[in-house]
Amino acid sequence: MTGSNLKFLLTLIPAALLACATSRAAAASCEDLARVALPNTTITLAQSVAAGAFTPPVPSWASAFMRSTPVPVAFCRVGGNIRPTKDSDIKFEVWLPLTGWSGRYESVGNGGFAGSIRYDSMLNPLLGGSVVASTDDGHDAPAIGPTSADWAFGHPEKIIDHGHRAVHLTAVAAKAITAAFYGRPAAHSYFVGCSKGGQEGFMEAQRYPEDFDGIVSGAAANQWTDLFSSFMWTENLNLANRESYLSPDDLAKIGAAVSAACDTGSAKSGFVSDPLRCEVTPASIGLTPAKLRTYQSIHQGPKDRSGKPTYAGQAYGGENPGWGDTISANNFEAADTEAQMSMYGANFYRNFVYQDKKWTFHGFDLEKGRADADRIIGPIMNAGDVHFTKFKAHHGKLIQYAGMVDSIVTPLSSVKFYQSVVAAQGQKSDPAALARTQQFYRLFLAPGVGHCGGGPGPNQFGQAGGAGDAEHDMVVALQQWVEKDVPPTRIVATKFVSDDKTKGVAMTRPLCLFPQVAKYKGSGAVTDAANFACSAD
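Basis of the calculations
- Residues numbered from 1 in each chain as written.
- Predicted model: local features only at pLDDT ≥ 70, side-chain atom pairs only at ≥ 80, totals over all residues.
- Heavy atoms only, no water.
- Phe/Tyr/Trp six-rings, centres within 6.5 Å; stacked < 30°, edge-to-face > 60°.
- Helix = DSSP H or I, 4+ residues; strand = E, 2+ residues; numbered from the N terminus.
- Buried < 20%, exposed > 50% of the residue type's maximum accessible area, 1.4 Å probe, protein only.
- Lys NZ or Arg CZ within 6 Å of the ring centre and 35° of its normal.
- Pairing = 2+ DSSP bridges.
- Axes fitted to C-alpha atoms, helices over the stretch in contact; angles between N-to-C directions.
- Contact = heavy atoms within 4.5 Å.
- Disulfide = S-S within 2.5 Å.
- Expected span 1.5 Å × (residues − 1).
- Bend = angle between axes of the 7 residues up to and from the residue.

What to know about the packing of aromatic side chains
Logical step 1: The final tally for this structure, using the stated rule, is 37 aromatic pairs.
Logical step 2: Here the aromatic rings of Phe 113 and Phe 228 are separated by 6.2 Å at their centres, their planes lie at 50 degrees, and the arrangement is tilted. Note that Phe 113 is positioned in the loop between strand 4 (104-108) and helix 3 (119-127) and Phe 228 in helix 6 (residues 224-238), a separation of 115 residues in sequence.
Logical step 3: Seen in terms of ring centroids, Phe 228 and Phe 348 are 4.8 Å apart; in terms of plane orientation they differ by 50 degrees. Their pairing is tilted. In this pair, Phe 228 is assigned in helix 6 and Phe 348 in helix 11 (residues 340-353), connecting sequence segments 120 residues apart. The burial state of Phe 228 is the same as that of Phe 348; both residues are buried.
Logical step 4: Every member of this aromatic cluster is reached through a ring pair, and the members are Phe 113, Trp 151, Trp 224, Phe 228, Phe 231, Tyr 344, Phe 348, Tyr 349, Phe 352, Tyr 354, Trp 359 and Phe 364.
Logical step 5: Stacked on the ring of Phe 212, the Lys or Arg Lys 175 has its end atom at 5.6 Å from the ring centre.

Observations regarding the sheet that holds strand 2 (residues 75-82)
Logical step 1: Ordered by their spatial adjacency, 9 strands build an open sheet running 1-2-3-5-4-6-7-8-9, and the pairing between neighbours is mixed. The outermost strands of the open sheet, each flanked by one partner alone, are strand 1 (41-49) and strand 9 (441-446). Across the sheet, the mean angle from the axis of one strand to that of its neighbour is 15 degrees, orientation sign disregarded.
Logical step 2: Each of strand 2, strand 3 (90-97), strand 4 and strand 5 (131-135) touches helix 3; the most contacted strand, strand 3, lies at about 25 degrees to it.
Logical step 3: Packed on one face of the sheet, helix 4 (residues 156-182) meets strand 1, strand 2, strand 3, strand 4, strand 5 and strand 6 (188-194) and runs near 35 degrees to strand 3.

A word on the state of the cysteines
Logical step 1: Per the counting criterion, the structure on display carries 4 disulfides.
Logical step 2: A sulfur-sulfur distance of 2.0 Å marks the disulfide that ties Cys 30 to Cys 76. Taking the sign of the S-S torsion, about 80 degrees here, the bridge from Cys 30 to Cys 76 comes out right-handed. Note that Cys 30 is positioned in the loop between helix 2 (15-21) and strand 1 and Cys 76 in strand 2, a separation of 46 residues in sequence.
Logical step 3: Judged by its relative accessible area of 3%, Cys 30 is buried.
Logical step 4: Across the protein, the way the bonded cysteines pair up, counted in sequence order, is 1-2, 3-6, 4-5, 7-8.

What to know about the side chain of Thr 178
Logical step 1: Tracing the sequence through the fold places Thr 178 in helix 4.
Logical step 2: Residues contacting Thr 178, with those up to four places away along its chain left out, are Leu 96, Trp 101, Tyr 105, Val 131, Arg 184 and Ala 186.

Here we look at helix 4
Residues separated by three or four positions in an α-helix point in the same direction, a consequence of the helix having 3.6 residues per turn.
Logical step 1: A rise of 1.5 Å per residue sets the reference length of helix 4, with its 27 residues, at 39 Å; its end C-alpha atoms lie 37 Å apart and thus fit the reference within 8%.
Logical step 2: By the largest-angle criterion, His 162 marks the main kink of helix 4, which is about 60 degrees.
Logical step 3: Across the 27 residues that make up helix 4, a large majority, 21, are buried.
Logical step 4: Gly 183 sits one or two positions beyond helix 4 and adopts a positive phi of about 85 degrees.

Some details on the pairing of strand 2
Sheet faces and side chains relate simply in a regular strand, where the side chains alternate between the two faces.
Logical step 1: When you tally the buried positions in strand 2, you get 8 out of 8 residues, the bulk of the element.
Logical step 2: Burial along strand 2 is two-sided: Phe 75, Arg 77, Gly 79 and Asn 81 facing one way and Cys 76, Val 78, Gly 80 and Ile 82 facing the other are all buried.
Logical step 3: Here strand 1 runs beside strand 2; their pairing, made up of 8 bridges, is antiparallel. Pairing of Ser 48 across the sheet is with Cys 76, part of strand 2.

So, in structure tokens, the structure goes:
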């Protein structure tokens, strides 16, 4: 890079990044990025990778369901460690296209308790021409399982890294590396994540509103402490005794009753198309009184002693098979540790909140447990601000989505939070509040879709995309909104045969801008999105 080019580069890099993007010798190749000086950061890897030469590793905890293939395009791979405190060790990677850079930068979120670089999420943005980065959120551990939160025990700085600092510092470093490599900063920056990554997206919009121009946040765990206290309330209720426990057979009865009540009419699809308007008669389920009380309580959600809800309940339609591994398990004994709510919630309270390995959720006091988590961890993990003042001032755009059969982060939490944001944009009776909200924040509900994906419904809509088109790819739709001021009003979701793209399309269905829902027009195949219209009725 010539001296004149370097001088031009320095005029483009924002002042906050200027110190990060300079080095003893300006980077002229991928390998030279190892010399870029970044605060509290060590670059450990900077190498050009030929197309097909790198197959990302799969974490051992994900080997049963995650597959990896060679990256089919050439890119510059940069890795490093950021240590903002003595107890911090934030690993990150940045992939930079060697050709065809779109001018975009994207961070991808993590999941569960994090603990590894999310290579699986980095591929699509790279194929779409974006620079893409991921972080392990500051620790090396499995994202799920009985030891997944042990890293937090006695490590308050690592909890802060996990809560918000790792994603922010990774974005700062990756943007500086991008500017140094291409000779200019990214024109637009994006964040895409689901579950824990959904929490990260909301945290970025609220705590670091200038990091990203656009955010996709799915199954958002942004109300973190309320979510995890709901886990413990649910498991304490379901596992109080065998007589009230919801077994797999009970969940099958519930699923059949819900389907009979709510998947009806000429547009019957094999899943509940509109859970928010679903009504099920208790007598139709066929449960014992004790089990029915458990089911109805979980459906309604946790309440404090005064009867006020503390978190949203479960949506109709996600019970079978969803509750079978999130709330229950193969048997009563196994559910104590194997149900996802048991595992996630108990790990959180033992390692984050109480620092007590012997703590148990049996006998959980909702009000005390919720208050303790909110006081100790809430300022680090919660992203519950409903005003988004600084994000709006940045002209940021946020798309949120929720799978309607997601039983780990209930979609009703997304609905209720969105409604609270709408209410904050105007007076209670102000009909313009929704329009003002939709200028920067839009919600899409995905019927028949599970946690971040999967499920019996059309479950592919570019939620981890960036390489498709704006009609079918949520990330591309976000880019169009940010860069061309064309907001998405509907996105077509696809269900592939056996969830295998190579086997062809089984069904398409529009995801509608909330509060609209997809309504069958009355004729044509119910497997074709063209035969549905988005309606607020």
